Amino acid sequence: MDQNNPVNKLLDLLCFTPAGVIALVVLFVLPLFPPFNQEYLLRWLISAAFIAALAVAFDFTAGFISIVNFGYAAIMGLGGYTSAILADRIGLTPWFGMLAGGLLSGFLGFVIGAVTLRLRGIFAACLAWFFGLALMGLATKMVWLTRGPLGMRVDRLFETQSNLPYYYLCLTMMVAIYIICKWCTRTKMGLAFKAIGQNMEAARTSGINPIFYRLVNFTLSCALGGWMGGFYAHYYGILTPDMMHTSKTVEVLAVAYIGGRGSLWGGAAIAFPFIFAMELVRSSLTNLPGLNLLLYGLLLILVMIYYPGGFAEFFDTYVRKPKNRMMDYFLNGAYGAAK
Amino acid sequence: MVEQVEKRIWERVSKWSRTAAGMAVILTVVVAVAATLDRGGYVLVNTVVTGGMLALVAMGLALVFGVMNIPMFAHGEYFMIGSLTAYYVFTPINNYITMNPDSSLVFLGPLITIVAAMIVGALVGVASEVLVFSQLRKRSRENWVMNSFLLTVGLSVVLINAHQLFFGADFKGITRYWAGMPISIMDVFISRDRAMSFTLAAIVVVVFWFFMTYTRTGRAIRAVSQDENGALMVGIGLKGILMLTMSLSCSLAAIAGASLLFMYPAYPSVGLEPLYMAWFVVILAGLGNVLGAVMGAFMVALLKVLTIEYIGSGWDFVVPSALIIVVLIFKPSGIFGSEVRGVLDK
């Protein structure tokens, strides 16, 4: 449609297609209508938004420079603990605490990125994983600081009993993370990330400095994870080292890959129906514990074997190329999907 | 003449001791001896028993990576399958033993259990190769390492939760395999189960080494690990070799799970700790290096025992992982190196 329309320009600046905006608006008004205005459904929505935000930030590393940050949950936990401890000890307001947690996690991401610079692929993933295991061990054993497995009580962010403000905050954070990641990846930097991810030697020969880009990528992705960790701490109100467990990373990883690697929006889009289905299975079939996670793993295996591109690739191939110009505008925006 | 030979051997030893591998091995031995003198023989015994079983798990992991190029995240689950099988096989045998304490099953029963676990582990290995990995291999070969890694993550989640779904989440354990007085060596009492499990591990490692070095099949496996296309060209059936590798490595993990049932009862996520430890070993020794994994297993076991001994339990993830990170910074390919992606070659 009209490329000079200010609305289109704004949408393009925010990296949204009209379809994306409508999906977002639906998510925003969803809790106002039954049955989603019940508190337990709202909690599912929040956990879905939380996983979605993490999946976007995770995909920023996994989908672009092809390194699975296997200690991601621990990095998120570091952000959460930092924020909680700052609030507890020096009474810093959680809003700044969350940012501080993000900064510290970003710093750790920088360190991990620096240490794994010479390693590739699976070695880097393992090293990040060992960092995660070490962090989780520290959180368990430094009882004087974190209260260990007993759990640390954290002040919640809002004074109300309702979960509604948390939902809106989480959704806003998700959108912010998406926009930040998208801004980074649609500049030259995104191209450089992809080049490094596909073939480091070739990227280096064409003049891309892998050190700089890998460090930037790791730092940013971990900082965003830490920020979300702060939200986790102040939303649940209790922190245990369990939140840093590898299985939490696997949860995020599964959503990110089923959603589609390298797409950023795929993970966020798939998280809502996916988490809902899982919670539904878990709560309706209580006599079959573990069934929901079994399905989870099966789905991951099936997607990896039969459709490695995930939901995003499916959407891009079959839905996103309509004949109708109106539909095309709706799905791809005024500037085309290439953006 | 003799002097010359002696001199040459000495030269080789001194050269070896200046490499990273030599330094690491010597350092391990020195630290182990020092700790034993300081705290008593049980440090050494614990290290050797833990290391022996860890060697089995890590060897399987290294083998799968070396031959099939799969970074296996579900390896702990084969350990879990081994211990689960052992529980269900040993419980009736144990009942029979309590009825007839004089039967020959008193000694043979546990061995039958472990063999059964080995067979089940091998079968599950074949099943996962046929159902999962060969399917991925048929469809895509690009970015294989990362994709297969994610596949094994999914497999691990499935196996853990299948256990919970079908067998329940409770602890299914036994008190002991072999009854009787503990054996005493150097004033240290070792329970018969521990002594037997170490003996078993040693036997399995030696048999495995002979198999890989001197049999045609073993050589074929090594050939595939070095060069897949070359192996195909000289007429090695790739499919069969890959399946065999998978079942071998899974049965190794299952043997470890079964023989450690008296220490680790079977429950859904029992495999996680051996998995972490085996990954420590494999990364420390160099991915795909099977003999290195055996040495590395003892190093990691020593690290773990010393951490628990001197710093306290619960730190046994922090200290080893921190040390391994430091080692990796200076030697990214592992102590024993894996530039040559061989299985048993150096």
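Everything quoted here is computed from the prediction, not taken from an experiment.

Quick notes on the rules
- Residues numbered from 1 in each chain as written.
- Chains lettered and ligands numbered in written order.
- Predicted model: local features only at pLDDT ≥ 70, side-chain atom pairs only at ≥ 80, totals over all residues.
- Heavy atoms only, no water.
- Helix = DSSP H or I, 4+ residues; strand = E, 2+ residues; numbered from the N terminus.
- Rg over C-alpha atoms; globule rule 2.2 N^0.38 Å.
- Buried < 20%, exposed > 50% of the residue type's maximum accessible area, 1.4 Å probe, protein only.
- Contact = heavy atoms within 4.5 Å.
- Buried area = accessible area lost by both parts, 1.4 Å probe.
- Salt bridge = Lys/Arg side-chain N within 4 Å of Asp/Glu carboxyl O.
- Polar contact = N/O pair within 3.5 Å; in protein donor to acceptor, adjacent residues only side chain to side chain.
- Core = buried A, V, L, I, M, F, W, Y, C linked by side-chain atoms within 4.5 Å.
- Phe/Tyr/Trp six-rings, centres within 6.5 Å; stacked < 30°, edge-to-face > 60°.
- Lys NZ or Arg CZ within 6 Å of the ring centre and 35° of its normal.

Let us look at the overall build of chain A. In terms of regular secondary structure, chain A is built from 16 helices and two strands. Taken over the C-alpha trace, chain A has a radius of gyration of 20 Å; the compact-globule value for 339 residues is 20 Å, and the two agree within 12%. Dimensions of chain A, computed from the C-alpha atoms along their principal axes, are close to 60 × 55 × 40 Å. For chain A, with 339 residues in total, the buried portion stands at 57%.

This part takes up the overall build of chain B. Of the regular secondary structure elements, chain B holds 13 helices and two strands. For 346 residues, the compact-globule estimate of 2.2 N^0.38 gives 20 Å, and the C-alpha radius of gyration of chain B, at 21 Å, lies within 12% of that figure. Structurally, chain B occupies a C-alpha span of about 65 × 55 × 40 Å along its principal axes. Of the contacts formed within chain B by residues at least 6 apart in sequence, a portion of 77% connects residues at least 24 apart.

Examined against the element boundaries, B:Thr199 turns out to sit in helix α7 (residues 192-214). In this structure, the C-alpha to C-alpha distance between B:Thr199 and B:Gly52, residues 147 residues apart in sequence, is 8.5 Å.

Many structure descriptions define interface size as the accessible area lost when the parts assemble. Facing the 42 residues of chain B at the interface are 38 residues of chain A. When chain B packs against chain A, the two sides together hide about 3,700 Å² of surface, and 82% of this comes from carbon and sulfur. In terms of surface lost to chain A, no three residues of chain B exceed B:Leu150, B:Leu165 and B:Ile325, which account for 16% of the buried area on that side. Across the contact surface, chain B and chain A share zero salt bridges. Applying the counting rule to chain B against chain A returns two residue pairs in polar contact (both at pLDDT 80 or more). Sorting the residues of the side of chain B that touches chain A by element identifies α5 (105-139), α6 (144-167), α11 (272-285) and α13 (318-330) of chain B as the ones contributing at least two each.

Another point: the environment of A:Tyr235. All names here are of chain A. Mapped onto the elements of the fold, Tyr235 is located in helix α11 (residues 210-236). With 80 residues separating them along the chain, Tyr235 and Asp155 place their C-alpha atoms 8.5 Å apart. Tyr235 has contacts with Arg43, Ile46, Arg156, Asn163 and Tyr166, leaving out every residue within four places of it along the chain.

Here we take up unusual backbone geometry. Phi is positive for A:Leu264, close to 65 degrees, though the residue is something other than glycine. When you line up the elements, A:Leu264 lands in the loop between α12 (246-259) and α13 (265-284). On the basis of relative accessible area, A:Leu264 is assigned to the buried category, the value being 1%. For B:Asn69, which is not a glycine, the phi torsion comes out positive at approximately 65 degrees. Tracing the backbone through its elements, the reader meets B:Asn69 in the loop between α3 (42-68) and α4 (75-99).

Quick look at the nonpolar core now. Within soluble globular proteins, side chains that are nonpolar generally end up buried alongside one another. In this structure, A:Phe130, A:Phe231, A:Phe272 and B:Leu56 are the most contacted members of the largest nonpolar core, which totals 219 residues. Listed in part, the six residues of the second largest apolar core include B:Ala32, B:Ala35, B:Val43 and B:Leu302.

Taken as a whole and judged by the stated rule, the model has five salt bridges over all chains. A:Arg282 is paired through a salt bridge with A:Glu279; the nearest N and O atoms lie 3.0 Å apart. Of this pair, A:Arg282 and A:Glu279 both sit in helix α13, three residues apart, roughly one helical turn. The closest approach of N and O atoms between B:Asp170 and B:Lys172, which form a salt bridge, is 3.6 Å. Overall, the relative accessible area of 46% leaves B:Asp170 in the partly exposed class. Its relative accessible area of 4% is what places B:Lys172 among the buried residues.

Our focus in this paragraph is the packing of aromatic side chains. With the rule as written, the count across this model stands at 35 aromatic pairs over all chains. A centroid spacing of 6.3 Å and a plane angle of 75 degrees characterise the contact between A:Trp129 and B:Trp279, whose relative ring orientation is edge-to-face. Taken together, the positions of A:Trp129 in helix α6 (residues 121-141) and B:Trp279 in helix α11 put the pair across two chains. Residues A:Trp129 and B:Trp279 agree in their burial class; the two are buried. Plain terms: the ring middles of B:Phe171 and B:Tyr267 are 4.6 Å apart, the flat faces sit at 40 degrees to each other, and that makes the pair tilted. With a gap of 96 residues between them, B:Phe171 in the loop between α6 and β1 (183-185) and B:Tyr267 in the loop between α10 (238-259) and α11 connect regions that are remote in the sequence. For B:Tyr267, a relative accessible area of 24% corresponds to the partly exposed category. Connected via pairs of aromatic rings, a cluster forms that spans A:Phe70, A:Trp129, A:Phe130, B:Phe73, B:Phe149, B:Tyr276, B:Trp279 and B:Phe280. Against the face of A:Phe64 rests A:Lys194, its NZ or CZ located 5.1 Å from the ring centre.

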